[in-house]
Amino acid sequence: MKYLSIIMLVALFACKTQEGSQKLTEEQQVVQNFLDSFHQGFLVVNYDYAEAQWQSNTKIIEGDSTNAVNERNAADKYAKFVGSSALIGRVRQFLDEKNDLTELQAKQLEKILYNAANYAETAKQAVEDRVKAETEQTARLYGFKYMVDGKEVTTNDIDRMLKSETDVNKRMKVWNASKEVGKTLKSGLVKLRDLRNQVVKSLGYNDYFSYQVSDYGMTADEMMQLCNQINRELYPLYRELHTYARYELAKKYNAQVPDFLPAHWLPNRWGQDWSTMVEVQGINLDSVLKTKSAEWIVKEGEAFYKSLGFSALPESFYTKSSLYPLPAGTTYKKNNHASAWHMDLQNDLRSLMSVEPNSEWFETVHHELGHIYYYVSYTTGNVPPVLREGANRAFHEAVGSMIGMAAMQKPFLQAKGLLPANAQSDDTQKLLQEALNFVVFIPFSTGTMTGFEHDLYKNNLPPSQFNKRWWELAKKYQGIVPPTERGEEYTDAATKTHINDDAAQYYDYALSYVILFQLHDYIAKNILKQDPRATNYYGNKEVGDFLKKLLSPGATGDWRKTLKETVGSDLSAKAMVDYFSPVMDYLKKVNAGRTYTLPATMQ
């Protein structure tokens, strides 16, 4: 059976029964039968599509369109199922009588309708064209050959060089090389923008950005206001970090202190993470991890979750995932961006990574397995497949990032023997390093990325202004400028994978950071009774129980209610600001008298 047609579903809904459910009214039972039948077909087409996407991301062969064709075919079948006009019409009929349904039924129907908007049969040709354009754009991005001084390099190579190279001219070459792929992606991005907007308009959304934001129960304007609120709450600290960075990097490169930070000075291609600027004495985790294997790193990640009371991962996770860099000489490429996959919305769990034995991948593994164990937690009979997601999209990232952060705190590392028990380190420098990651990310995610995609989709940004607008936003929010003039032959925004294949939802990551500090603050103070800056979750079953309770409902409830009931407050950056308060005090002293700084208030 490939998948159940919607006609079959409608025929089935009248005769199928649900066992073990609450006592339903006659109308509710009709709806329940429909939902049960829908999920039978949905699981099939969703899995086929996920498998095709997996192949496109893990085996990219230059000049071979086999995977792209297979993905397109699977996407077409998925689109025909979830975007069926008959399905949409039936769901709307049920929702017209929403007050007569159970809350869980209404939640499922609303999610089905939300999913349908991205594949609506009423925009059939646009959906087909968009799916084709997406697969072509993905192949173009991940199949690109990055060249430095005539030699092909990987994105991992580029990232390493930007973290370690001290010659500014060489840094310029590497940074420029990282942006060349943007030239090949501009026309594809224009096509994707137009098609994404066209598809969702058929179900009443104004644009694709507004559509994506609606998954939070918010309007586009409300999301932009929330992003600005978060950015403003953290701006005073970011301003101090920015001042610190420009003076320290000017010293490192023997250059004058700049008015704004040149992008190629920073240790990250997009200036979203500056943490490698600081090396914390006494916490040289890389020197220990380099003696380990990549396989050991992954197993240690699993051991962390098992210590909290979670089950071991199925063997299929290891046999089906793509966890390590491709061996030298491999005739194909793969997407090197770390990700977690819930292939069948049941027990086929996979991760796509390129793990190497270093601290960055140690943290990333703990993060990605956070997604995997989130999948495990809500894959139960209490959560219908269509709602097997985070409480909102940011929750998924929050949990992964929180565990990634916890796995890098000194008490845990000492308990695991990865740092000496008597290791002496500068706690302020460690916090500074973390701030150069978490805090620095906020203006990039809430400002540059979200601002660009808002303008791209909602304001229909002209292609002739793509690069101009990108760098305007980077300067406004991050205080970062390109090393040289960047004309419109470049599309530097599109060098970020999410712009192409995970569009109009980068604010998820910003909200996730806020949520993670709220969750971590609660765990540290109320369960562990420890300083949030120095915790050890490992082996604490109460922490595991707290997480299971938080994760197991999936998307069956209201995320605002879930957050408030869990930590006792609404979404707020207060816990994040409090966590980094010692860094703020430190930087005010270090930056005293330094005149090259950002405005006192966010413009």
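Residues numbered from 1 in each chain as written. Predicted model: local features only at pLDDT ≥ 70, side-chain atom pairs only at ≥ 80, totals over all residues. Heavy atoms only, no water.

**Some points on the pairing of strand E5 (residues 349-352)**
Inference 1: The two faces of E5 match: Leu349 and Ser351 on one face and Arg350 and Leu352 on the other face are all buried.
Inference 2: Where strand E4 (residues 339-342) and E5 come together, 4 bridges link them in antiparallel fashion. Paired with Ser339 across the bridge in E5 is Leu352. (Buried < 20%, exposed > 50% of the residue type's maximum accessible area, 1.4 Å probe, protein only. Helix = DSSP H or I, 4+ residues; strand = E, 2+ residues; numbered from the N terminus. Pairing = 2+ DSSP bridges.)

**Some details on empty space enclosed by the protein**
Inference 1: With the rule as written, the count across this model stands at 3 cavities of 30 Å³ or more.
Inference 2: In this structure, the largest cavity encloses a volume near 100 Å³.
Inference 3: Together, 16 residues line the largest cavity, and Arg269, Trp270, Gly271, Trp470 and Trp471 are the ones closest to its centre.
Inference 4: For the lining of the largest cavity, the secondary structure elements donating two or more residues are helix H18 (427-458) and helix H19 (466-478).
Inference 5: It is H19 that provides the largest number of residues to the lining of the largest cavity, a total of 4 residues.
Inference 6: Tallied by class, the residues present in the lining of the largest cavity amount to 8 nonpolar, 5 polar and 3 charged.
Inference 7: There is about 40 Å³ of room inside the second largest cavity.
Inference 8: Around the second largest cavity, the lining residues are Leu162, Lys163, Arg171, Leu249, Lys252, Tyr253, Trp265, Leu266, Pro267, Thr276 and Met277.
Inference 9: Broken down by secondary-structure element, the contributors of at least two residues to the lining of the second largest cavity are helix H7 (155-164) and helix H11 (220-252).
Inference 10: A class-by-class count of the residues in the lining of the second largest cavity yields 7 nonpolar, 1 polar and 3 charged. (1 Å grid on protein atoms, 1.4 Å probe; cavity = no way out; pocket = protein on both sides within 12 Å on 5 of 7 lines; lining within 4 Å. Points joined across faces, edges and corners; volume = space filled by probe spheres on them. Nonpolar A, V, L, I, M, F, W, Y, C, P; charged D, E, K, R; others polar.)

**What about the side chain of His342?**
Inference 1: Structurally, His342 is set in strand E4.
Inference 2: A relative accessible area of 10% means that His342 is categorised as buried.
Inference 3: Of note is the side chain of His342, whose polar atom sits 3.0 Å from the backbone oxygen of Gln346.
Inference 4: Ignoring any residue separated from it by four or fewer positions in sequence, one finds His342 in contact with Asp348, Leu349, Tyr375, Tyr378 and Thr379. (Polar contact = N/O pair within 3.5 Å; in protein donor to acceptor, adjacent residues only side chain to side chain. Contact = heavy atoms within 4.5 Å.)

**Some thoughts on the nonpolar core**
Inference 1: Ranked by size, the top nonpolar core spans 194 residues in total, and within it Phe362, Tyr537 and Phe580 carry the most contacts.
Inference 2: The dominant element in this core, judged by the number of residues it contributes, is H11, at 15 residues.
Inference 3: When near neighbours in sequence (up to four residues on either side) are disregarded, Tyr537 contacts Phe304, Leu308, Met402, Ile403, Ala406, His520, Ile523, Leu528 and Val543.
Inference 4: With 5 residues, the next largest nonpolar core counts Trp54, Trp341, Met343 and Leu352 among its residues. (Core = buried A, V, L, I, M, F, W, Y, C linked by side-chain atoms within 4.5 Å.)

**Thoughts on the packing of aromatic side chains**
Inference 1: Summed over all chains, the structure comprises 45 aromatic pairs.
Inference 2: Between Phe209 and Tyr507, the aromatic rings sit 5.8 Å apart at their centres with planes inclined by 75°, giving edge-to-face as the arrangement. With Phe209 in helix H10 (residues 208-213) and Tyr507 in helix H21 (residues 507-528), the pair connects residues that are 298 residues apart, well separated along the chain. Comparing Phe209 with Tyr507 shows no difference in burial state: the two are buried.
Inference 3: Counting every residue linked through ring pairs, the aromatic cluster contains Phe438, Phe441, Phe444, Phe452, Phe466, Trp470, Tyr506, Tyr509, Tyr513, Phe517, Tyr579 and Phe580.
Inference 4: Across from the ring centre of Trp54, 5.3 Å away, lies the NZ or CZ of Arg350, which sits over that ring. (Phe/Tyr/Trp six-rings, centres within 6.5 Å; stacked < 30°, edge-to-face > 60°. Lys NZ or Arg CZ within 6 Å of the ring centre and 35° of its normal.)

**Topic: H21**
Inference 1: Over its 22 residues, H21 runs 30 Å from end to end, which matches the ideal 32 Å to within 8%, given 1.5 Å per residue.
Inference 2: Burial analysis of H21 places 19 of its 22 residues in the buried class, which makes it a mostly covered element.
Inference 3: Directly beyond the C-terminal end of H21, a positive phi value near 60° is found at Lys529. (Expected span 1.5 Å × (residues − 1).)

**So, the layout of surface pockets**
Once rolled over the atoms, a probe with the size of a water molecule shows which space is left empty.
Inference 1: A volume near 980 Å³ is recorded for the second largest pocket.
Inference 2: If you go around the second largest pocket, you meet 36 residues; those closest to its centre are Lys107, Ala555, Gly557, Asp558 and Trp559.
Inference 3: Only helix H5 (103-117), helix H22 (541-551) and helix H23 (559-567) provide two or more residues apiece to the lining of the second largest pocket.
Inference 4: The element contributing the most residues to the lining of the second largest pocket is H5, with 8 residues.
Inference 5: Of the residues in the lining of the second largest pocket, the class split is 14 nonpolar, 8 polar and 14 charged.

**Some details on a negative patch on the surface**
Inference 1: A cluster of acidic residues, Glu26, Glu27, Asp96, Glu97 and Asp100, forms a negative patch at the surface.
Inference 2: Looking at where Asp96 falls in the secondary structure, it is placed in helix H4 (residues 85-96). (Patch = residues over 30% accessible without salt bridge, like charges linked within 9 Å, V, L, I, M, F, W, Y side chains within 5 Å. Areas by Shrake-Rupley, 256 points an atom, 1.4 Å probe, with all protein chains shown as cover. Salt bridge = Lys/Arg side-chain N within 4 Å of Asp/Glu carboxyl O. Lys, Arg positive; Asp, Glu negative; His and termini not counted. Charge placed at Lys NZ, Arg CZ, Asp CG, Glu CD.)

**Thoughts on the environment of Met405**
Inference 1: Looking at the secondary structure, you find Met405 in helix H16 (residues 393-406).
Inference 2: Aside from chain neighbours lying at most four places away, what touches Met405 is Glu363, Glu434, Phe438, Leu516, Phe517, His520 and Tyr579.

**A look at the confidence of the model for the protein**
Inference 1: Confidence along the protein averages 94 in pLDDT terms, with 96% of residues attaining 70 or more.
Inference 2: Counted against residues more than four places away or in other chains, residues 1-20, with its pLDDT under 50, gives 41 contacts. (pLDDT = per-residue confidence, 0-100.)

**Some details on the pattern of salt bridges**
Inference 1: Per the stated rule, a full pass over the model turns up 37 salt bridges.
Inference 2: Residue Glu248 is joined to Arg594 by a salt bridge in which the shortest nitrogen-to-oxygen separation is 3.3 Å. A residue pair is termed long-range when its members are at least 10 positions apart, and Glu248 in helix H11 and Arg594 in the segment after helix H25 (581-590) qualify at 346 residues.
Inference 3: Here Glu302 and Lys299 are joined by a salt bridge, their closest N and O atoms 3.7 Å apart. Residue Glu302 and its partner Lys299 are located together in helix H13 (residues 294-307), separated by 3 residues, close to a single helical turn.
Inference 4: What makes Glu302 buried here is its relative accessible area of 5%.
Inference 5: One connected set of salt bridges, linked through shared partners, spans Lys111, Asp215, Glu389, Arg393 and Asp508.

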